[in-house]
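Letter by letter, the chains look like this.
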Amino acid sequence: MKQFLNFINGEFVATSKTFENRAPADNRVIGMVHEAGQAEVDAAVTAARAALKGEWGQMSVVKRVEMLYAVADEINNRFDDFLAAEIADTGKPKSLASHIDIPRGAANFKVFADIIKNVPTESFQMTTPDGGTALSYAVRSPVGVVGVVCPWNLPLLLMTWKVGQALACGNTVIVKPSEETPATATLLGEVMDKVGVPKGVYNVVHGFGPGSAGEFLTRNPGVNAITFTGETRTGEAIMAAAAKGVRPVSFELGGKNAGIVFADADFDKAVAGITRSAFENCGQVCLGTERVYVQRPIFDKFVAALKAKAEALKVGPSEMDGVNLGPLISAEHKQKVMGYYEKAKAEGATVVTGGGSPELPDQYKDGHYVQPTIWTGLPETSPIIREEIFGPCCHIAPFDTVEEAIELANDTDYGLATTVWTQNLETAHRMAASIEVGLCWINSWFLRDLRTAFGGSKSSGIGREGGVHSLEFYTELRNVMVKL
Ligand code: NAD
Ligand code: 6OD
């Protein structure tokens, strides 16, 4: 049986307390995870603090950049290992993991290595009150030890998205992967070791949130800053922990994102786009579309077309030919999503398609599969429309005007992302200017340029990461004033 160990100060560390790692595809136990206690988390913090003062802290930017390139290359060398680990942990289709998750795992190191190599800092020359000259310039230094708390939906992608930036800026990290998906963070420890990243720079502690590694890490005063991706409620708990010591946080949280389709959109592209945004990764994408608003003249035609697309999606385990949707991550999450499927029916929704579990061969009967599901007919006050479900489902409602579409899209506590489909430039720009989100996709969805700012507004997050924006969080800016 596979053992997922902690990675502390360059060593794989076992503990006496373990918990099961189950495959979402069939609920089989596929490994044992070694839970880090207070002692292991404290050891990781000590190692990460020491590494800041050692070879890593003294390393030139050029050498650090080379090292991050080597990490990316080694992820690519071990592409199949990462792919297998990610698929076993999440059950996601191979086509998805091999095109998005693993390539992004490598890209997240290269992009930020390039940025840190090329980013300038400001300088000003001024005349002093006595008629002399002074030069002021900025110096960036790492913020220190960064706690990286991660979710399970895109484990390698989201973890390296943080670790790539943090290390490029010269920090050391302690990663707390989701208890559901320990594999790729552990594997990355082997990569760090192989390419010679100094001990203590990259650490991994396994476990849960409250009363476990997540809480021990975020409460530890030796952690200088915390970057977190996950549920808004968890963000609130982490923010409370970070208040002690007034430590900065960067949060990428939940969403209840709107997809808006105007009657002038390229119909087929809009249907394909919403099919992806509603159902990809079995709906377990924070940027996904659970609220779809379609302009009235094309409403019925759009509902019928999306229904046909949803019914054509093949749900099943990764190894099955032609699978588009894998399982949900866990039995608990399936119960949550199925709870919403039942609630929608009880509230009087029209179930356009889905609403249950698919038929699969007997060996997958304990896997966490659900049908892609579409509803219409619910009021905007329904929990189906207000709460993040995080499953392969969406509600579709009609709208008439641009103003109404803006109002509907903004009528939520969340503010992460939106996808707008129109061929009218003015409509597109008006929507982009008016929707309260961090990310607005026009005629596209989840199209990423890692040089741009990523993050959410309202309850969907704090701060922006990506491109030079990451420097705000991952570095301290010091001003130097030189009287010449
Ligand atoms: P989660 O909040 O339950 O868990 C995320 C991580 O936090 C896990 O590692 C967990 O162990 C840890 N944790 C839980 N409680 C903690 C505590 N009190 N202290 C410290 N750590 C704690 O989220 P999840 O279920 O793993 O992921 C799904 C959620 O993540 C969805 O809400 C989704 O929208 C969100 N998400 C957001 C983004 C984004 O970019 N905005 C990206 C991916 C996922
Ligand atoms: O693409 C990214 O960098 C990113 N953070 C994606 C988040 C996806 C949420 O599920």
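Thresholds applied
Residues numbered from 1 in each chain as written. Chains lettered and ligands numbered in written order. Predicted model: local features only at pLDDT ≥ 70, side-chain atom pairs only at ≥ 80, totals over all residues. Heavy atoms only, no water. Near = heavy atom within 4 Å. Polar contact = N/O pair within 3.5 Å; in protein donor to acceptor, adjacent residues only side chain to side chain. Areas by Shrake-Rupley, 256 points an atom, 1.4 Å probe, with all protein chains shown as cover. Helix = DSSP H or I, 4+ residues; strand = E, 2+ residues; numbered from the N terminus. Nonpolar A, V, L, I, M, F, W, Y, C, P; charged D, E, K, R; others polar. Domains from an automatic or database assignment. Salt bridge = Lys/Arg side-chain N within 4 Å of Asp/Glu carboxyl O. Buried < 20%, exposed > 50% of the residue type's maximum accessible area, 1.4 Å probe, protein only. Pairing = 2+ DSSP bridges. Axes fitted to C-alpha atoms, helices over the stretch in contact; angles between N-to-C directions.

Chemist: I keep staring at the site of ligand 2 and nothing clicks. Help me out?
Modeler: Close to ligand 2 lie 13 residues, the nearest being Arg104, Asn153, Leu158, Cys286 and Arg448. The contact in question runs from an oxygen atom of ligand 2 to an N or O atom on the side chain of Arg104, over 2.7 Å. When ligand 2 sits alone it has 300 Å² of accessible area, and the protein chains cover 99% of it. The leading source of residues in the shell around ligand 2 is helix H6 (residues 155-168), at three residues. For the shell around ligand 2, the residue count by class is nine nonpolar, one polar and three charged. The two domains that each donate at least three residues to the shell around ligand 2 are domain 1 (2-253 + 460-483) and domain 2 (257-449).

Chemist: Help me understand the pattern of salt bridges, please; the structure alone is not making it clear to me.
Modeler: For the structure shown, the criterion picks out 26 salt bridges. A salt bridge links Glu311 to Lys307; the shortest N-O distance between them is 3.2 Å. Residue Glu311 and its partner Lys307 are located together in helix H11 (residues 299-312), separated by four residues, close to a single helical turn. The exposure class assigned to Glu311 is partly exposed, which follows from its relative accessible area of 46%. Under the relative-accessibility criterion, Lys307 is labelled partly exposed at 29%. Three or more residues are tied together by salt bridges with common partners; here these are Arg78, Asp81 and Glu190.

Chemist: I'm lost on the sheet that holds strand S6 (residues 123-127) in this one. Help?
Modeler: Paired through backbone hydrogen bonds, the strands of a sheet run either parallel or antiparallel to each other. If you walk across this open sheet you meet the three strands as S6-S7-S23, and the pairing is antiparallel. Strands at the two margins of the open sheet, each flanked by one partner only, are S6 and strand S23 (475-483). In this sheet, adjacent strand axes meet at a mean angle of 25° when their direction is disregarded. Sheet topology note: the strand S7 (residues 133-142)/S23 ladder contains nine bridges and is antiparallel. Counted as the bridge partner of Pro142 is Thr475 from S23.

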